[in-house]
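Below, each chain spelled out in residue letters.
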Amino acid sequence: MRVLEPQTGGSGRLVLISHGLWDRPESFEGWGRLLASWGYTVILPRHPGSDSSQQQAVLAGSSPPPGPEELGLRALDLRAVLDAAPRLRLSQPVDSRRVVVLGHSWGATTALQLAGVRPTDVGLLQRCSRLDDPERNLSWTLQCSWLRGVDQAVVQDERVIAVAAVSPPVSLLFPRGSGRQLSARVLVVSGSRDWVVPPDPEAITPMRWGVTPGNQLVLVRGGDHFNLRPGARDDGGVLGPLLLAWTNAAFAAGEAVRPRAGAPPLLTGGAWGSGELPLVDVTGSLPPP
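Being a predicted model, the structure only gives us computed values, none of them experimental. (Residues numbered from 1 in each chain as written. Predicted model: local features only at pLDDT ≥ 70, side-chain atom pairs only at ≥ 80, totals over all residues. Heavy atoms only, no water.)

**Here's the deal with the packing of helix H3 (residues 70-84) against helix H4 (residues 106-115)**
- Orientation of H3 relative to H4, taken along the N-to-C sense of each, is 70°, at an axis distance of 9 Å. Taken together, the axes of H3 and H4 are roughly perpendicular relative to one another. H4 is crossed by H3, and the crossing has right-handed handedness. Contact residues: H3 offers Glu 70, Leu 71, Gly 72, Arg 74, Ala 75 and Leu 78, while H4 offers Trp 106, Gly 107, Thr 109, Thr 110, Gln 113 and Leu 114.
- Residues of the contact of H3 with H4, tallied by class, amount to five nonpolar, five polar and two charged. (Axes fitted to C-alpha atoms, helices over the stretch in contact; angles between N-to-C directions. Helix = DSSP H or I, 4+ residues; strand = E, 2+ residues; numbered from the N terminus. Parallel < 35°, antiparallel > 145°, perpendicular 65-115°, else oblique. Left-handed = near helix turned anticlockwise from the far one by under 90°. Contact = heavy atoms within 4.5 Å. Nonpolar A, V, L, I, M, F, W, Y, C, P; charged D, E, K, R; others polar.)

Have a look at this one:
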């Protein structure tokens, strides 16, 4: 795993970042560097069963694609980091009892699992075989591969107080109403030009199902599955200010961060936009299902 620590003025607060399928922690160092510059300790674990090295093994013919068990194992990777955090040799101790998790693509699904969204096989069984389903998209190839791993994939962790899920493939995995079990506040981010995990049905439809008040959906006009990643940019790229504002607000809210009826949004009209691509909070304008 990669560990990024603040140079000065550390807050002792911990953020985890989960990468997506066949990706690596280095792709998200930009988010980590920005957060570390604000006093956070950031840990970016590698998910060995579905990272870039595993992709190379698949392409070389020496390994099969990720197995369905990875759906649960990825979440357990993050839980293991939280368990080990008090024993890590860091320049400053961190509080692993209150943590924010950021994730991209499959990493976003992992973050939502820790937040308390419970996967089931209902949607997978009903829709994976329907090749003419009008909502079918590329992410369903990945989601349908999880079928035999769903029963091992409920990995909620109360230490996680808020998550930001960027481009999460979830429409088949999380059934309508599953957001009622959330123990952490959720921000979902999706790009309007994401053809891998399109905003509808993967982000807009689930948010229209009436998840717990206080969760938010931000759409990025012109965002796709790859240009929302920060790479090594110290400013965090397109989503840097948004994710920083979300993390700051989550920790500042104290116990009020937990999702509940009537909870006010964490993101307000602050300076979390981007000069590159327009970001719009569409939470309040979603039509009913």
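**Focus on unusual backbone geometry**
- Here Asp 200 and Pro 201 are connected by a cis peptide whose omega angle stands at 25°.
- The topology assignment puts Pro 201 in helix H7 (residues 199-202).
- At Trp 22, a residue that is not glycine, the phi angle is positive and equals roughly 55°.
- In this structure, Ser 167 takes a positive phi of about 55° despite not being glycine.
- Within the secondary structure, Ser 167 is located in the loop between strand S5 (160-166) and strand S6 (185-191).
- Under the relative-accessibility criterion, Ser 167 is labelled buried at 0%. (Buried < 20%, exposed > 50% of the residue type's maximum accessible area, 1.4 Å probe, protein only.)

**Things to note about a nonpolar patch on the surface**
- A cluster of nonpolar side chains, contributed by Leu 138, Trp 195 and Phe 226, occupies part of the molecular surface with about 360 Å² of accessible area.
- With respect to the secondary-structure elements, Trp 195 resides in the loop between S6 and H7. (Patch = residues over 30% accessible without salt bridge, like charges linked within 9 Å, V, L, I, M, F, W, Y side chains within 5 Å. Areas by Shrake-Rupley, 256 points an atom, 1.4 Å probe, with all protein chains shown as cover. Salt bridge = Lys/Arg side-chain N within 4 Å of Asp/Glu carboxyl O.)

**Considerations on the nonpolar core**
- Formed by 44 residues in total, the largest nonpolar core has its most connected members in Leu 14, Leu 16, Val 101, Leu 112 and Val 163.
- Those elements that provide at least two residues to this core are strand S2 (13-18), H3, strand S4 (95-104), H4, helix H6 (139-144), S5, S6 and helix H8 (204-208).
- Per-element tally for this core: the top contributor is H4, with six residues.
- Not counting chain neighbours up to four residues away, the residues in contact with Leu 112 comprise Val 117, Val 163, Ala 165, Pro 168, Val 170, Phe 174 and Val 186. (Core = buried A, V, L, I, M, F, W, Y, C linked by side-chain atoms within 4.5 Å.)

**Description of the environment of Gln 181**
- Inspection of the secondary structure assignment puts Gln 181 in the loop between S5 and S6.
- For Gln 181, a relative accessible area of 35% translates into the label partly exposed.
- Distance from Gln 181 to Ser 11, taken between C-alpha atoms, is 30 Å for residues 170 residues apart in sequence.
- In contact with Gln 181, other than residues within four places in its own chain, are Gly 116, Arg 118 and Gln 156.

**Description of the packing of helix H1 (residues 29-37) against helix H9 (residues 240-252)**
- Running from N to C, H1 and H9 point in directions that differ by 50°, and their axes come no closer than 10 Å. The angle between H1 and H9 places the two elements in the oblique class. Pair H1 / H9 crosses with right-handed handedness. Packed against H1, whose contacting residues are Trp 31, Leu 34 and Leu 35, the element H9 presents Gly 240, Pro 241, Leu 243, Leu 244 and Thr 247 at the interface.

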